[in-house]
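# Structure assessment
Spelled out from the first residue to the last, the chains are:
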Amino acid sequence: MSDADELAAALAALGVEYRANLAPRLDALEALAAALAGGQGDAEDLRTLRRGLHTIAGSAKTFGLPAVTDAARAGEAFLDPWRDTVKPQGAAEWAELDRLLAALRAAAQSA
Amino acid sequence: MADEKSKVEVGAEEVYGLTGRGNRELRESGTRLSAAELEVLVLVDGRASVAQIERSAKDQSPAQVRATLGKFHLGGLIELASRLKSESIDAGDFFSVTMPLRIPKGATAQSGKEASEGVSSLQEKGYYVRIARRSAAGHPLPAGRKPVMLLIDDDETLVKLLHTVFQLEGFSLRTAGNRAEIVTAFAEQPPPDFVLLDVMLPDIDGFEVLGRIRSHPTASKLPVIMLTAKATREAVLNGLHLGADGYVTKPFDIEVLMSAVRTVLGPSESRPGPKDGGPSRSG
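Model, not experiment: these values are computed from the prediction. (Residues numbered from 1 in each chain as written. Chains lettered and ligands numbered in written order. Predicted model: local features only at pLDDT ≥ 70, side-chain atom pairs only at ≥ 80, totals over all residues.)

Moving on, we come to the overall build of chain A. The number of helices and strands found in chain A is four helices and zero strands. Listing the helices and strands of chain A from first to last along the sequence gives α-α-α-α. Counting over 111 residues, chain A shows a buried share of 32%. Long-range contacts, defined here as pairs at least 24 residues apart, represent 61% of the contacts in chain A between residues at least 6 apart. (Helix = DSSP H or I, 4+ residues; strand = E, 2+ residues; numbered from the N terminus. Buried ≥ 20, exposed ≤ 12 C-beta atoms within 10 Å, placed from the backbone. Contact = placed C-beta atoms within 7 Å.)

What follows covers the overall build of chain B. A count of helical and extended segments in chain B gives 10 helices and nine strands. A total of 283 residues make up chain B; the buried ones form 47% of that total. When contacts within chain B are restricted to residue pairs at least 6 apart in sequence, those whose partners lie at least 24 apart make up 75%.

Moving on, we come to the interface of chain A and chain B. Each partner contributes to the interface: chain A provides 20 residues, whereas chain B provides 17 residues. Counting only elements with at least two residues in the side of chain A that touches chain B, the list comes to helix 1 (3-37) and helix 2 (43-57) of chain A. The dominant element in the side of chain A that touches chain B, judged by the number of residues it contributes, is helix 1 of chain A, at nine residues. Looking at the side of chain A that touches chain B residue by residue, the class counts come to seven nonpolar, seven polar and six charged. (Nonpolar A, V, L, I, M, F, W, Y, C, P; charged D, E, K, R; others polar.)

All names here are of chain B. Looking at chain B, pLDDT values average 74 and 69% of them are 70 or higher. No element of chain B has a lower mean pLDDT than strand 9 (residues 280-281), which averages 42, and none a higher one than strand 4 (residues 148-152), which averages 94. Scored below 50 in pLDDT, residues 1-7 makes 17 contacts in the model with residues more than four places away or belonging to other chains. In the model, residues 97-107 has pLDDT below 50 throughout and makes 27 contacts with residues more than four positions away in sequence or in other chains. (pLDDT = per-residue confidence, 0-100.)

For helix 6 (residues 156-168) of chain B, with 13 residues, the first-to-last C-alpha span of 19 Å sits near the 18 Å given by 1.5 Å per residue. Restricting attention to buried positions, one finds in helix 6 of chain B the residues Thr157, Leu158, Leu161, Leu162, His163, Thr164, Phe166 and Gln167 of chain B. Buried residues along helix 6 of chain B sit against helix 1 of chain A together with strand 4 and strand 5 (172-176) of chain B. Phi for glycine 170 of chain B, located one or two positions after helix 6 of chain B, is positive at around 95 degrees. (Expected span 1.5 Å × (residues − 1).)

We now examine the pairing of strand 7 (residues 224-228) of chain B. All names here are of chain B. Extensive coverage of strand 7 is indicated by the burial of five of its five residues. Of the two faces of strand 7, the one holding Val224, Met226 and Thr228 and the one holding Ile225 and Leu227 are both buried throughout. Handedness of the crossover is the feature at issue here: the chain leaves strand 6 (residues 194-198), passes through helix 8 (residues 206-215), returns alongside strand 7, and the resulting connection is right-handed. Where strand 7 lies against strand 8 (residues 246-249), four bridges are found, and the strand directions are parallel. Residue leucine 227 lies in a different strand from strand 8, and its bridge partner there is valine 248. (Right-handed = clockwise from strand over helix to strand, strands pointing away. Pairing = 2+ DSSP bridges.)

Further remarks concern the environment of glutamine 52 of chain B. All names here are of chain B. By the secondary structure assignment, glutamine 52 is in helix 3 (residues 50-56). On the basis of neighbour count, glutamine 52 is assigned to the partly exposed category, with 19 C-beta atoms found within 10 Å. Taking the C-alpha atoms as reference, glutamine 52 lies 9.9 Å from glutamate 14; in sequence the two are 38 residues apart.

Another aspect to go through is the environment of leucine 41 of chain B. Residue and element names in this part refer to chain B. If you trace the backbone, leucine 41 turns up in helix 2 (residues 35-45). A C-alpha to C-alpha distance of 9.3 Å links leucine 41 and asparagine 238, two positions 197 residues apart in sequence. Residues within four places of leucine 41 in sequence aside, it is in contact with Gly22, Glu25, Leu26, Leu33, Phe72 and Leu77.

Glycine aside, the phi torsion of most residues is negative, and most peptide linkages are trans. Residue and element names in this part refer to chain B. In this structure, proline 190 follows glutamine 189 across a cis peptide bond, with omega equal to -5 degrees. Topologically, proline 190 is positioned in the loop between helix 7 (179-187) and strand 6. Here the residue pair lysine 250 and proline 251 is connected by a cis peptide bond, since its omega of -5 degrees sits within 30 degrees of zero. For proline 251, the position within the fold is in the loop between strand 8 and helix 10 (254-265).

Right, let's get into helix 10 of chain B. Here helix 10 of chain B spans 16 Å end to end across 12 residues, near enough to the 16 Å set by a 1.5 Å rise per residue. Just downstream of helix 10 of chain B, glycine 266 of chain B is the residue with a positive phi angle, here 90 degrees.

Spelled out as C-alpha coordinates, the structure:
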(Lines give C-alpha, C1' and ligand atoms only; values in the text may rest on other atoms or scores of the structure.)
Protein backbone atom coordinates (compact mmCIF):
# COMPACT_ATOMS: atom_id res chain seq x y z
CA MET A 1 0.00 0.00 0.00
CA SER A 2 1.42 3.40 -0.97
CA ASP A 3 1.68 6.29 1.47
CA ALA A 4 -1.17 8.02 -0.33
CA ASP A 5 -3.38 4.93 -0.06
CA GLU A 6 -2.45 4.45 3.56
CA LEU A 7 -3.26 8.07 4.33
CA ALA A 8 -6.56 7.88 2.46
CA ALA A 9 -7.57 4.74 4.37
CA ALA A 10 -6.61 6.29 7.69
CA LEU A 11 -8.51 9.48 6.91
CA ALA A 12 -11.59 7.49 5.92
CA ALA A 13 -11.51 5.53 9.18
CA LEU A 14 -11.07 8.70 11.22
CA GLY A 15 -13.95 10.31 9.31
CA VAL A 16 -16.22 7.43 10.34
CA GLU A 17 -15.08 7.82 13.94
CA TYR A 18 -15.65 11.56 13.81
CA ARG A 19 -19.20 11.14 12.52
CA ALA A 20 -19.95 8.52 15.17
CA ASN A 21 -18.74 10.84 17.93
CA LEU A 22 -20.66 13.82 16.66
CA ALA A 23 -24.10 12.76 17.96
CA PRO A 24 -23.08 12.44 21.62
CA ARG A 25 -21.18 15.72 21.38
CA LEU A 26 -24.31 17.43 20.11
CA ASP A 27 -26.36 15.76 22.87
CA ALA A 28 -24.06 17.33 25.43
CA LEU A 29 -24.22 20.79 23.83
CA GLU A 30 -28.02 20.67 23.61
CA ALA A 31 -28.23 19.65 27.26
CA LEU A 32 -26.01 22.58 28.23
CA ALA A 33 -28.14 24.99 26.21
CA ALA A 34 -31.31 23.64 27.80
CA ALA A 35 -29.86 24.06 31.29
CA LEU A 36 -28.78 27.62 30.50
CA ALA A 37 -32.17 28.51 29.06
CA GLY A 38 -33.82 27.04 32.16
CA GLY A 39 -31.71 29.25 34.42
CA GLN A 40 -29.67 26.34 35.77
CA GLY A 41 -26.38 27.03 34.04
CA ASP A 42 -23.60 29.48 34.79
CA ALA A 43 -20.97 31.39 32.85
CA GLU A 44 -18.70 28.35 32.79
CA ASP A 45 -21.46 26.32 31.09
CA LEU A 46 -21.81 29.08 28.52
CA ARG A 47 -18.07 29.02 27.84
CA THR A 48 -18.20 25.22 27.51
CA LEU A 49 -21.08 25.46 25.06
CA ARG A 50 -19.34 28.10 22.96
CA ARG A 51 -16.10 26.20 23.08
CA GLY A 52 -17.84 22.98 21.99
CA LEU A 53 -19.31 24.75 18.97
CA HIS A 54 -15.92 26.30 18.22
CA THR A 55 -14.22 22.89 18.26
CA ILE A 56 -16.77 21.35 15.92
CA ALA A 57 -16.59 24.37 13.61
CA GLY A 58 -12.83 24.02 13.50
CA SER A 59 -12.72 20.35 12.58
CA ALA A 60 -15.86 19.10 10.81
CA LYS A 61 -14.88 20.40 7.38
CA THR A 62 -11.50 18.70 7.67
CA PHE A 63 -13.42 15.44 8.03
CA GLY A 64 -15.57 16.16 5.00
CA LEU A 65 -18.51 17.82 6.75
CA PRO A 66 -18.51 21.46 5.58
CA ALA A 67 -22.20 22.01 6.38
CA VAL A 68 -21.55 20.98 9.97
CA THR A 69 -18.69 23.46 10.21
CA ASP A 70 -20.93 26.22 8.85
CA ALA A 71 -23.77 25.40 11.26
CA ALA A 72 -21.45 25.17 14.27
CA ARG A 73 -19.80 28.45 13.30
CA ALA A 74 -23.22 30.14 13.13
CA GLY A 75 -23.94 28.95 16.67
CA GLU A 76 -20.55 30.13 17.92
CA ALA A 77 -21.01 33.52 16.26
CA PHE A 78 -24.43 33.86 17.86
CA LEU A 79 -22.91 33.29 21.29
CA ASP A 80 -19.98 35.67 20.71
CA PRO A 81 -21.70 38.83 21.98
CA TRP A 82 -22.85 37.01 25.12
CA ARG A 83 -19.25 36.54 26.19
CA ASP A 84 -19.28 35.41 29.81
CA THR A 85 -22.66 36.84 30.67
CA VAL A 86 -25.49 34.34 30.71
CA LYS A 87 -28.11 36.95 31.60
CA PRO A 88 -29.99 38.98 30.66
CA GLN A 89 -31.13 36.96 27.67
CA GLY A 90 -34.73 36.92 26.58
CA ALA A 91 -36.85 34.02 25.37
CA ALA A 92 -36.22 35.06 21.79
CA GLU A 93 -32.45 34.67 22.20
CA TRP A 94 -32.76 31.22 23.74
CA ALA A 95 -35.19 30.20 21.01
CA GLU A 96 -32.72 31.37 18.37
CA LEU A 97 -29.95 29.36 20.01
CA ASP A 98 -32.26 26.36 20.05
CA ARG A 99 -32.93 26.84 16.35
CA LEU A 100 -29.21 27.06 15.55
CA LEU A 101 -28.49 23.87 17.50
CA ALA A 102 -31.32 22.12 15.67
CA ALA A 103 -29.80 23.24 12.38
CA LEU A 104 -26.46 21.85 13.49
CA ARG A 105 -28.08 18.54 14.40
CA ALA A 106 -29.79 18.42 11.00
CA ALA A 107 -26.51 19.15 9.20
CA ALA A 108 -24.81 16.34 11.12
CA GLN A 109 -27.60 13.87 10.40
CA SER A 110 -27.69 14.62 6.70
CA ALA A 111 -23.91 14.41 6.28
CA MET B 1 -6.16 59.12 23.34
CA ALA B 2 -5.30 59.68 26.97
CA ASP B 3 -7.15 61.86 29.43
CA GLU B 4 -5.93 63.32 32.73
CA LYS B 5 -7.14 60.36 34.75
CA SER B 6 -4.99 57.96 32.74
CA LYS B 7 -1.71 59.77 33.46
CA VAL B 8 -0.33 57.49 36.16
CA GLU B 9 3.29 56.76 36.94
CA VAL B 10 4.66 53.54 35.49
CA GLY B 11 8.26 52.39 35.89
CA ALA B 12 10.42 51.62 32.84
CA GLU B 13 11.29 48.13 34.03
CA GLU B 14 7.77 47.23 35.10
CA VAL B 15 6.30 44.19 33.38
CA TYR B 16 2.56 44.03 33.06
CA GLY B 17 0.30 41.18 32.04
CA LEU B 18 -3.26 41.00 30.83
CA THR B 19 -6.11 40.52 33.27
CA GLY B 20 -9.04 38.31 32.30
CA ARG B 21 -10.77 41.40 30.99
CA GLY B 22 -7.68 42.41 29.04
CA ASN B 23 -7.44 38.95 27.54
CA ARG B 24 -11.04 39.09 26.41
CA GLU B 25 -10.52 42.53 24.93
CA LEU B 26 -7.56 41.25 22.94
CA ARG B 27 -8.87 37.86 21.88
CA GLU B 28 -12.50 38.48 21.18
CA SER B 29 -13.86 40.21 18.13
CA GLY B 30 -15.40 43.67 18.33
CA THR B 31 -12.71 45.52 20.25
CA ARG B 32 -13.18 49.27 20.46
CA LEU B 33 -9.50 49.95 20.98
CA SER B 34 -7.58 51.95 18.40
CA ALA B 35 -4.80 50.27 16.41
CA ALA B 36 -2.20 52.07 18.55
CA GLU B 37 -3.84 50.93 21.78
CA LEU B 38 -4.17 47.40 20.45
CA GLU B 39 -0.47 47.37 19.61
CA VAL B 40 0.37 48.28 23.21
CA LEU B 41 -1.99 45.63 24.54
CA VAL B 42 -0.36 42.99 22.31
CA LEU B 43 3.08 43.97 23.60
CA VAL B 44 1.85 43.78 27.20
CA ASP B 45 0.53 40.31 26.42
CA GLY B 46 4.05 39.35 25.32
CA ARG B 47 5.31 40.44 28.75
CA ALA B 48 7.57 43.15 27.38
CA SER B 49 8.73 45.70 29.93
CA VAL B 50 7.47 49.26 29.73
CA ALA B 51 10.80 50.37 28.27
CA GLN B 52 10.64 47.63 25.62
CA ILE B 53 7.10 48.61 24.70
CA GLU B 54 8.22 52.22 24.31
CA ARG B 55 10.98 51.12 21.96
CA SER B 56 8.84 48.65 20.02
CA ALA B 57 5.81 50.85 19.43
CA LYS B 58 7.72 52.96 16.96
CA ASP B 59 4.84 55.07 15.75
CA GLN B 60 3.99 56.16 19.29
CA SER B 61 5.88 58.45 21.64
CA PRO B 62 6.93 57.13 25.07
CA ALA B 63 4.41 59.50 26.60
CA GLN B 64 1.63 58.04 24.47
CA VAL B 65 2.66 54.51 25.43
CA ARG B 66 2.71 55.35 29.12
CA ALA B 67 -0.63 57.10 28.91
CA THR B 68 -2.12 54.06 27.22
CA LEU B 69 -0.62 51.76 29.84
CA GLY B 70 -2.05 53.98 32.56
CA LYS B 71 -5.43 53.93 30.93
CA PHE B 72 -5.34 50.12 30.61
CA HIS B 73 -4.27 49.78 34.23
CA LEU B 74 -7.02 52.03 35.49
CA GLY B 75 -9.49 50.25 33.25
CA GLY B 76 -8.55 46.86 34.63
CA LEU B 77 -7.16 45.50 31.37
CA ILE B 78 -3.62 45.04 32.67
CA GLU B 79 -1.95 44.42 36.01
CA LEU B 80 1.61 44.10 37.21
CA ALA B 81 2.78 40.62 36.25
CA SER B 82 3.81 39.88 39.80
CA ARG B 83 0.23 40.44 40.96
CA LEU B 84 -1.46 38.26 38.39
CA LYS B 85 -2.73 34.86 39.49
CA SER B 86 -1.16 33.18 36.46
CA GLU B 87 2.27 33.99 37.85
CA SER B 88 1.77 31.96 41.03
CA ILE B 89 2.72 28.68 39.46
CA ASP B 90 5.11 26.12 40.87
CA ALA B 91 8.77 26.88 40.32
CA GLY B 92 10.14 25.07 37.30
CA ASP B 93 6.90 25.34 35.40
CA PHE B 94 7.45 26.28 31.76
CA PHE B 95 4.94 29.07 32.19
CA SER B 96 6.56 30.57 35.26
CA VAL B 97 9.58 31.72 33.28
CA THR B 98 8.97 35.45 33.17
CA MET B 99 11.48 37.08 30.87
CA PRO B 100 11.19 40.11 28.65
CA LEU B 101 9.78 39.20 25.27
CA ARG B 102 12.42 39.20 22.56
CA ILE B 103 10.80 41.26 19.88
CA PRO B 104 12.52 40.86 16.50
CA LYS B 105 14.25 44.05 15.38
CA GLY B 106 11.99 45.97 13.03
CA ALA B 107 9.10 43.59 13.62
CA THR B 108 6.72 46.31 14.68
CA ALA B 109 7.35 48.47 11.64
CA GLN B 110 6.63 45.53 9.38
CA SER B 111 3.76 44.11 11.36
CA GLY B 112 0.93 46.23 10.01
CA LYS B 113 1.73 45.38 6.40
CA GLU B 114 2.42 41.74 7.22
CA ALA B 115 -0.84 41.45 9.15
CA SER B 116 -2.83 42.70 6.16
CA GLU B 117 -0.99 40.34 3.83
CA GLY B 118 -1.48 37.54 6.31
CA VAL B 119 -5.24 38.02 6.50
CA SER B 120 -5.48 38.05 2.70
CA SER B 121 -3.43 34.88 2.46
CA LEU B 122 -5.45 33.18 5.20
CA GLN B 123 -8.70 34.02 3.49
CA GLU B 124 -7.53 33.03 0.01
CA LYS B 125 -5.27 30.05 0.64
CA GLY B 126 -6.11 28.95 4.16
CA TYR B 127 -2.65 29.57 5.49
CA TYR B 128 -0.07 32.29 5.94
CA VAL B 129 3.63 31.78 6.46
CA ARG B 130 5.86 34.54 7.66
CA ILE B 131 8.45 35.15 4.98
CA ALA B 132 11.21 36.17 7.39
CA ARG B 133 11.31 32.74 9.01
CA ARG B 134 10.52 30.64 5.98
CA SER B 135 13.75 28.63 6.07
CA ALA B 136 13.65 28.06 9.84
CA ALA B 137 17.34 28.95 9.81
CA GLY B 138 17.33 29.74 13.51
CA HIS B 139 16.40 26.20 14.48
CA PRO B 140 17.63 23.60 11.98
CA LEU B 141 16.09 20.13 12.19
CA PRO B 142 18.27 17.60 13.97
CA ALA B 143 20.56 15.17 12.18
CA GLY B 144 20.66 11.55 13.30
CA ARG B 145 17.26 11.37 14.92
CA LYS B 146 13.64 11.87 14.00
CA PRO B 147 12.51 15.46 14.48
CA VAL B 148 9.92 15.88 17.22
CA MET B 149 6.76 17.74 16.33
CA LEU B 150 4.76 19.00 19.27
CA LEU B 151 1.09 19.27 18.45
CA ILE B 152 -0.80 21.38 20.97
CA ASP B 153 -4.52 20.86 20.43
CA ASP B 154 -7.28 19.39 22.58
CA ASP B 155 -9.52 18.06 19.80
CA GLU B 156 -8.81 14.34 20.11
CA THR B 157 -10.07 13.34 16.68
CA LEU B 158 -8.08 16.08 15.01
CA VAL B 159 -5.01 15.03 16.98
CA LYS B 160 -5.45 11.46 15.74
CA LEU B 161 -5.72 12.72 12.19
CA LEU B 162 -2.58 14.84 12.42
CA HIS B 163 -0.80 12.03 14.17
CA THR B 164 -1.41 9.80 11.18
CA VAL B 165 -0.43 12.46 8.67
CA PHE B 166 2.79 13.55 10.33
CA GLN B 167 3.85 10.01 11.15
CA LEU B 168 3.70 9.33 7.42
CA GLU B 169 5.73 12.50 6.89
CA GLY B 170 8.46 11.13 9.13
CA PHE B 171 7.99 13.06 12.34
CA SER B 172 8.00 11.76 15.87
CA LEU B 173 4.80 13.24 17.21
CA ARG B 174 4.25 14.48 20.75
CA THR B 175 0.88 15.90 21.74
CA ALA B 176 -0.47 18.14 24.48
CA GLY B 177 -4.02 19.31 25.02
CA ASN B 178 -3.80 21.54 28.07
CA ARG B 179 -1.43 23.57 30.19
CA ALA B 180 -0.13 20.68 32.28
CA GLU B 181 0.53 18.54 29.21
CA ILE B 182 2.36 21.41 27.54
CA VAL B 183 4.68 21.69 30.53
CA THR B 184 5.36 17.96 30.37
CA ALA B 185 5.86 18.01 26.62
CA PHE B 186 8.53 20.70 26.82
CA ALA B 187 10.28 18.90 29.67
CA GLU B 188 10.61 15.63 27.75
CA GLN B 189 13.81 14.78 25.93
CA PRO B 190 14.61 15.37 23.19
CA PRO B 191 12.92 18.77 23.16
CA PRO B 192 10.45 19.58 20.39
CA ASP B 193 11.87 20.72 17.05
CA PHE B 194 8.66 22.19 15.70
CA VAL B 195 5.31 23.22 17.18
CA LEU B 196 1.78 23.25 15.80
CA LEU B 197 -0.22 25.37 18.23
CA ASP B 198 -3.98 25.76 18.49
CA VAL B 199 -5.10 29.20 19.64
CA MET B 200 -8.09 28.17 21.74
CA LEU B 201 -7.13 25.68 24.43
CA PRO B 202 -9.25 24.74 27.44
CA ASP B 203 -7.17 26.36 30.19
CA ILE B 204 -4.69 28.58 28.41
CA ASP B 205 -4.60 30.79 25.35
CA GLY B 206 -2.38 29.70 22.46
CA PHE B 207 -0.98 33.21 22.09
CA GLU B 208 0.22 33.08 25.69
CA VAL B 209 1.94 29.76 24.95
CA LEU B 210 3.61 31.35 21.90
CA GLY B 211 4.76 34.30 23.98
CA ARG B 212 6.24 31.94 26.55
CA ILE B 213 8.05 29.96 23.87
CA ARG B 214 9.54 33.12 22.35
CA SER B 215 10.64 34.35 25.78
CA HIS B 216 12.13 31.03 26.85
CA PRO B 217 15.92 30.81 26.96
CA THR B 218 16.18 27.55 25.01
CA ALA B 219 12.90 27.26 23.11
CA SER B 220 12.78 30.80 21.69
CA LYS B 221 13.78 29.86 18.12
CA LEU B 222 11.39 26.94 17.68
CA PRO B 223 9.39 27.14 14.45
CA VAL B 224 5.75 27.61 15.44
CA ILE B 225 2.66 27.49 13.26
CA MET B 226 -0.57 28.69 14.81
CA LEU B 227 -3.84 26.91 14.11
CA THR B 228 -6.57 29.50 14.30
CA ALA B 229 -10.28 29.65 13.58
CA LYS B 230 -10.29 33.43 13.24
CA ALA B 231 -8.52 35.09 10.34
CA THR B 232 -8.76 38.58 11.77
CA ARG B 233 -6.14 41.28 11.39
CA GLU B 234 -5.90 41.48 15.18
CA ALA B 235 -5.12 37.78 15.45
CA VAL B 236 -2.43 37.92 12.79
CA LEU B 237 -0.96 41.11 14.28
CA ASN B 238 -0.90 39.46 17.67
CA GLY B 239 0.87 36.40 16.32
CA LEU B 240 3.38 38.49 14.39
CA HIS B 241 4.30 40.49 17.45
CA LEU B 242 4.79 37.31 19.39
CA GLY B 243 6.85 35.68 16.63
CA ALA B 244 4.64 33.05 14.99
CA ASP B 245 6.11 31.62 11.79
CA GLY B 246 2.80 30.86 10.16
CA TYR B 247 -0.94 30.56 10.57
CA VAL B 248 -3.32 27.94 9.28
CA THR B 249 -7.03 28.48 9.52
CA LYS B 250 -9.28 25.81 11.01
CA PRO B 251 -10.90 23.84 9.55
CA PHE B 252 -8.05 23.09 7.16
CA ASP B 253 -7.39 20.81 4.25
CA ILE B 254 -4.57 18.41 5.01
CA GLU B 255 -2.66 19.56 1.93
CA VAL B 256 -2.93 23.19 3.02
CA LEU B 257 -1.50 22.36 6.42
CA MET B 258 1.29 20.34 4.86
CA SER B 259 2.12 23.21 2.49
CA ALA B 260 2.47 25.56 5.43
CA VAL B 261 4.67 23.10 7.33
CA ARG B 262 6.88 22.48 4.31
CA THR B 263 7.28 26.20 3.76
CA VAL B 264 8.25 26.89 7.36
CA LEU B 265 10.63 23.94 7.62
CA GLY B 266 12.35 24.70 4.32
CA PRO B 267 13.67 22.45 1.54
CA SER B 268 12.67 18.79 1.60
CA GLU B 269 16.29 17.61 1.96
CA SER B 270 16.37 19.14 5.42
CA ARG B 271 13.23 17.31 6.48
CA PRO B 272 12.73 13.68 7.51
CA GLY B 273 11.81 10.90 5.13
CA PRO B 274 8.41 9.26 5.29
CA LYS B 275 7.49 6.82 8.03
CA ASP B 276 10.52 7.57 10.20
CA GLY B 277 8.43 8.86 13.05
CA GLY B 278 6.85 7.37 16.13
CA PRO B 279 4.23 8.79 18.47
CA SER B 280 4.39 9.76 22.10
CA ARG B 281 1.82 11.45 24.35
CA SER B 282 2.53 13.89 27.11
CA GLY B 283 0.58 14.34 30.27
